[in-house]
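# Commentary on secondary and tertiary structure
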Amino acid sequence: MKCPLASCVRAHLLLCLGLLRCGEARVNTEVQAGPLYRVAGSPLSISCNVSGFVSETTTKDIEFRIVKPAFPNTEIHIISTKDPNFGYAGYTMRVARKEITLTHVTPNSVLFEIQSLEKGDEGEYHCSVINAEKAYDGTYSAQTTLKVIDNSLSVSSPASTSASYNEGDAFTLSCHASANTVQHTHLSLAWYLRRDDEDSAHPIVSLDRDFSLNPGPGFEDRHQAGLIKLDKFGEATYKLTIGHLELSDRGRIYCQAQEWIQDPDRSWYTIAQKDGEETTVKVKAREVLPDTSSMVVVISAKSDTLQDGQELSLFCHVDSHDLQQRFFSVAWLRENVEVARIGPTGILSVGPEYSRREKEGELMAARTGERDYSLKLQHVRTEDRGAYVCRAWLQDRGPGGAFTQRATQDSHSQLVSISASESGLSVEMQNAGSVNEGFRLELKCKVLGGKGQLSVTWQRKSTPTAIFASVISLSQEGVAEKAEEFKSRKVNAMRPAPDTFTLELDEVRPSDSGVYECAVSEWNINTKTHSKSDSATVKVTPAESFVKVNLMSRNSKVTQGQILHLMCRVGGPRLPMTLTWSLQRDASTIDDILTLYSDGSISWSVEQQRYQLKVENTRNEVIYYLIINGASHKDAGNYECRVSVVLEKVPKKLTPSNRLAVSVENPESKLVLTATAALSVNVNTGIEMKCSVISEPAASSRYSVTWLLQQPGENKTIVISDKDALVTFGPTIVPSHRERVSVKRTKGPSFEFSIQQVEISDNGLYTCEVVEWLPDPHGDWYQLSPVSKTTQLTVNEPVNDLCLDYNQHPPAAREGDEVELKCNIISAASSSSFFYKVSWLYTAHDSSTTNVLVELDHTGLLSYPKNQELRDLQGRLRLSRPTRSSFPLGIQRAREEDGGTYRCVVEQYQLDHEGHWQKKASNRTGPIPLTVNVAEKNLSIAKEDKRLNISRLQDFHIPCHITHQSSTYRNSTLHDRFGKGDQLRFGHPLPNQFSLTVLKPSPEDSGLYFCEVEEWLPSLSRGWRKLAVENSGYLTLDVYVEGDVKAVSEQPCQWPIWMGVLVVIVICSLLVIFLLVLMKCRRKASGRQKPDQNLWAEEHPLKEKPIADD
């Protein structure tokens, strides 16, 4: 034998793979339900079916194994449809000899058969299908239990004889059948005829297991007519009666008994079958010719007035046409009760009340001529008086020899009177009363006044209204003759004294109860002169009424490994008996332990090494001791002892003993544990609890550990680690929780329980429950009482103080720059279990609507809500997270229209114990205003006020010096607003210097001169924009004619007036020039016309001036 490690691994693999799939199992394996009880030596068949495979037409390979009671942890291979060398050594030869077969009935079902069961075939049979598919989904193995019991069926019949009968004769045969099986069984019995020229037997009549009587094919008509009967007498006697033998009845007749048991699937199964001895029957035929004519029947009496003791002679005359070719049956009836009948073949049959008198020679009937029949009744009694009738009927004979009754004709009545004669004979019954079953019945019959020779006939009837049937008779010559029913019984009729007759019947049964009659007759030579009788009632007390069975124990509660003493006390008179010890472990199965037979032999149904049997005889009872060494949990259950008394080698079951409940308790656990008292941690941290054994463990100890959580209103199992360290989670633990939980074992032993990233829902009282396992004497593991320790776990959630930097300085931005808006978390919970969602909001300068620009949710998903107006801005955004608490928003290539108010909104999230996100807090920054300038206003002009007095023929120069600017790009265009283009010259000696020269001024040119500079820059979205306008210092010019200088100087009081007028003129001139230049630039831009010839000579070429948008 091999240890079934591979089988265990395979079973565990099937279980694990099954748990990975959703829904119900698809593959299903079914085997015949057990337990199955079968008799040693009988055949066994077990069906096994599989279903649910993808391919139903593919033949499945199936294997059979057995687990025997002696080795409950070992699977033994028997046979496989795939591997011819599958079986172990103990079964290889039986499989090779075809004593054990496994045959496919269909592609999905097999039939496992054992031709002849052995006692060692008892056990649990496993039917397993080999999975040829990739996936495992369902049940691939099923098992059933087989119990092999002894064959207790016994069948006996009279020794093989050969008897000759005439056609139409009556025939009787008895058979004894019984069984002593502990389990509930039924017997069926059938009589068979095996004809001389045929090999197969034909059922005559049968009594099936449900006690229904069924005639065999071809025997129905005679059974319906009452000519074929099967009667049961007592507990085990079956009598066949054929009232009219036919030619087809020639052959060998025997009885066959079958013992039936009902399997758990409610079907009946034959567990034993035995045949009785055969009796050869020869039937002699008589040839006749049928006729259908009418007939006349006449009755007459030799004397119709008689005294008791005389002879009654009755004659019957039958007359009909063609009498020689006809068959008749003739019968005499008294008061419509048949006395005797002569059949068509001349066979005499007698009514039940006259059978004894016919056997004693007092009744005779015969055919005395072709038309005449006679009946003689000797030693008549007063009860024989009455009206007699002769009845005749025609009989037609068929081709098969069977007779069919036709017309019936009765004679007139013949009245016969019988008077009593004087006699001193008297009879008295003694010793009547009750007798115990199994003991001897002794009856005495005291005779007074008897003369001459005496004979006695003992008769019995079961009820007062029944007809007496003979038991045994003792003739006047002292010859005893048993009745047919009692030929197999130990019965004696004796005459111990001249005036005393006795009846002795051994091993009486309850069916022997009834009214017994002692009939004594006086004889004168060979003639019976007088008869007297007396009767008495006899009651047979059943054995169950006086045999008392009591089961007890000094201690019905024992500890593992102790000795268990059971006592079965059988009180009452001593009888040969069979005793069976049995144990019921569950509600449906009763297992036999041993059977002690009446001859002292013992049949064991279990391994007997652990059991001892002792018998103690006392005066009033017999005590049977059953001693179990090294009790284990397998020995717990309801014990029962059953007794069967053996009467005439036939066992009779008595009422079983009381059931004694025996419990096998485990020893007290000495396990001592220590564990972590309490833990207080923050959420999302890992914890570890330890539970250690500090007591001294046994060398063979194993431990199973269960971690439980107690919370308000709920207690649940988290994880279980069994004695083999196989880990399973509680039914309420969800997958997300299982991923955070782990257990392990360390030396000590110690048991560690860890939770990763604890949550608030993990709060509670944790219990470490440890169970110590020890092996019993059979190698089976049992557990001691659990020991537990608790640990209080408190999970704290940090105070949520989410705070953002509210006040931020608005950034200064120029168009085209990259702008960064800050969003910083100043304070918040530091746990790594918190996640943040960040949203940036935007409100334009000229709008009251706030829109979401960009979102970064707590799962790290970045999204841009759809907004057509903000599409360009969203395309230039960059949201980053350089640190855990910083979420800056970058705007690439900022534009003027990006200006507005920005806000940052932060939301804090955390996963709960069910894996759902929970919002814990939220906050937002203050408004962040943003203005995007095209450029900074950096334009600066050198300003210096001057006064200049020149003559008319003297040119003057007006300088314009740009000291600072935002861009080096300039465009200068001259507009001659006064029409003096030929007097003006424009100069541009350096990039930041401009000059205007007026040639040959006239006094009208006197006034206030200055340089006005406009700075233009290109906007990314709006084209060219004027950034700044600056004026230079003022130049006050006085132009005088020669000779007027003095006059001018002499009138100093008029200078301010002229100066003011000049300033106004200059300003107006410049304004006109500016407008003219502007109009000219527009015309050039639209029509691209060639500009007029510049009046100014430039040292540096000038670019075209851009057109303002506003």
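Throughout this document, residue positions are counted from 1 along each chain, in the order its sequence is written. It should be noted that, the model being predicted, local features are given only for residues of pLDDT at least 70 and side-chain atom pairs only at 80 or more, the latter also being counted only at that level, while totals for whole chains, interfaces and linings use all residues. To obtain the side-chain values, all non-hydrogen atoms of the structure were used and water was disregarded.

## Points about the confidence of the model for the chain
Averaged over the chain, the pLDDT score is 83; the fraction of residues at 70 or greater is 90%. Per residue, pLDDT captures the predictor's confidence, and it can take any value from 0 to 100. Residues are treated as being in contact if the distance between any of their heavy atoms lies within 4.5 Å. Under a pLDDT of 50 for its full length, residues 1045–1053 has, in the predicted model, one contact with residues more than four places off or in other chains. For the stretch residues 1086–1110, pLDDT sits under 50, and the model shows 60 contacts to residues farther than four places along the chain or on other chains.

## Quick look at a nonpolar patch on the surface
Candidate patch residues must exceed 30% relative accessible area and have no salt bridge, after which like charges are joined if within 9 Å and Val, Leu, Ile, Met, Phe, Trp or Tyr side chains if within 5 Å. Calculation of accessible area relied on Shrake-Rupley with a 1.4 Å probe; when residues are assessed, cover is drawn exclusively from the protein chains displayed. Counted as salt bridges are all cases of a side-chain nitrogen of Lys or Arg within 4 Å of a carboxyl oxygen of Asp or Glu. Together, Phe-835, Leu-911 and Trp-917 line one region of the surface with nonpolar side chains, adding up to about 250 Å² of accessible area. Numbering goes from the N terminus for both helices and strands, where a helix is a DSSP run of H or I of at least four residues and a strand is a run of E of at least two. Structurally, Leu-911 is set in strand β73 (residues 900–911).

## Notes on the state of the cysteines
Two cysteine sulfurs form what is called a disulfide whenever their separation falls within 2.5 Å. According to the stated counting rule, one finds eight disulfides in the structure shown. Between the sulfur atoms of Cys-823 and its disulfide partner Cys-904 the distance amounts to 1.9 Å. In this structure the cystine formed by Cys-823 and Cys-904 twists about its S-S bond by roughly -65 degrees; its chirality is therefore left-handed. In this pair, Cys-823 sits in the loop between β66 (819–821) and β67 (825–827) while Cys-904 sits in strand β73, placing the two residues 81 residues apart along the sequence. Cys-904 matches Cys-823 in its accessibility class, with the two residues each being buried. Exposure is judged per residue with a 1.4 Å probe applied to protein chains only, and the accessible area is read against the type maximum: over 50% gives exposed, under 20% gives buried, and values in between give partly exposed.

## Some thoughts on the sheet that holds strand β6 (residues 100–106)
When DSSP locates at least two bridges between a pair of strands, those strands are taken to pair. Strand order across the open sheet formed by four strands is β1-β3-β7-β6, with antiparallel pairing between neighbours. Looking at strand neighbours, the two that pair on one side only are β1 (28–31) and β6, the edges of this open sheet. Mean inter-strand twist for the sheet, computed between neighbouring axes without regard to direction, equals 20 degrees. When β1 meets strand β3 (residues 44–51), the two strands line up antiparallel, connected through four bridges. Bridged to Asn-28 within β3 is Ser-51. Axis geometry follows a simple rule: fit a line to the C-alpha atoms, using only the stretch in contact for helices, then measure angles between N-to-C directions, giving values from 0 to 180 degrees.

## Topic: the packing of aromatic side chains
A pair of Phe, Tyr and Trp rings is counted when the ring centres sit within 6.5 Å of each other, with Trp represented by its six-membered ring. The angle between the planes then sorts it: under 30 degrees is stacked, over 60 is edge-to-face, the rest tilted. Taken as a whole and assessed by the stated rule, the structure comprises 17 aromatic pairs. Centroid distance Tyr-136 to Tyr-140: 5.5 Å. Interplanar angle 65 degrees. Geometry classified as edge-to-face. When the ring of Tyr-192 is compared with that of Tyr-254, the centres are 5.6 Å apart and the planes differ by 15 degrees; the resulting orientation is stacked. Residue Tyr-192 is located in strand β13 (residues 185–194), and its partner Tyr-254 is located in strand β18 (residues 251–262); the two are separated by 62 residues in the primary sequence. We note that Tyr-192, like Tyr-254, is buried. Within the aromatic cluster, the residues linked to one another by ring pairs are Phe-53, Tyr-136 and Tyr-140. Think of it as a cone above the ring: NZ of Lys or CZ of Arg counts as a charge over the ring if it is within 6 Å of the ring centre and within 35 degrees of the ring normal. Residue placement shows Lys-614 over the ring face of Tyr-625; its charged tip is 4.7 Å from the ring centre.

## Describing the nonpolar core
To qualify as a nonpolar core, a set must consist of buried Ala, Val, Leu, Ile, Met, Phe, Trp, Tyr and Cys residues joined through side-chain atoms within 4.5 Å. Leu-566, Cys-568, Val-570, Trp-581, Tyr-624 and Tyr-639 are the most contacted members of the largest nonpolar core, which totals 34 residues. For this core, the secondary structure elements donating two or more residues are α5 (543–546), β42 (548–553), β44 (564–571), β45 (577–584), β46 (590–596), β49 (621–628), β50 (637–647) and β52 (660–665). For this core, the element with the most residues is β50, which contributes five residues. In terms of nonpolar packing, the next biggest core, distinct from the first, is built from 32 residues, Leu-153, Leu-193, Ile-204 and Ile-271 among them.

## Some points on helix α2 (residues 89–96)
Listing the buried residues of α2 in full gives Tyr-91, Arg-94 and Val-95. Angularly, the buried residues of α2 cover 100 degrees about the axis, an arc narrow enough to put them on a single face. Exposed and facing more than 90 degrees away from the buried side of α2 are Ala-89, Met-93 and Ala-96. Of the surrounding secondary structure, the elements contacted by the buried residues of α2 are β4 (62–67), β5 (76–80), β6 and β7 (109–114). Looking at the residues trailing α2, positive phi occurs at Lys-98, about 65 degrees. The arc in question is the one traced by the directions running from the helix axis out to the C-beta atoms.

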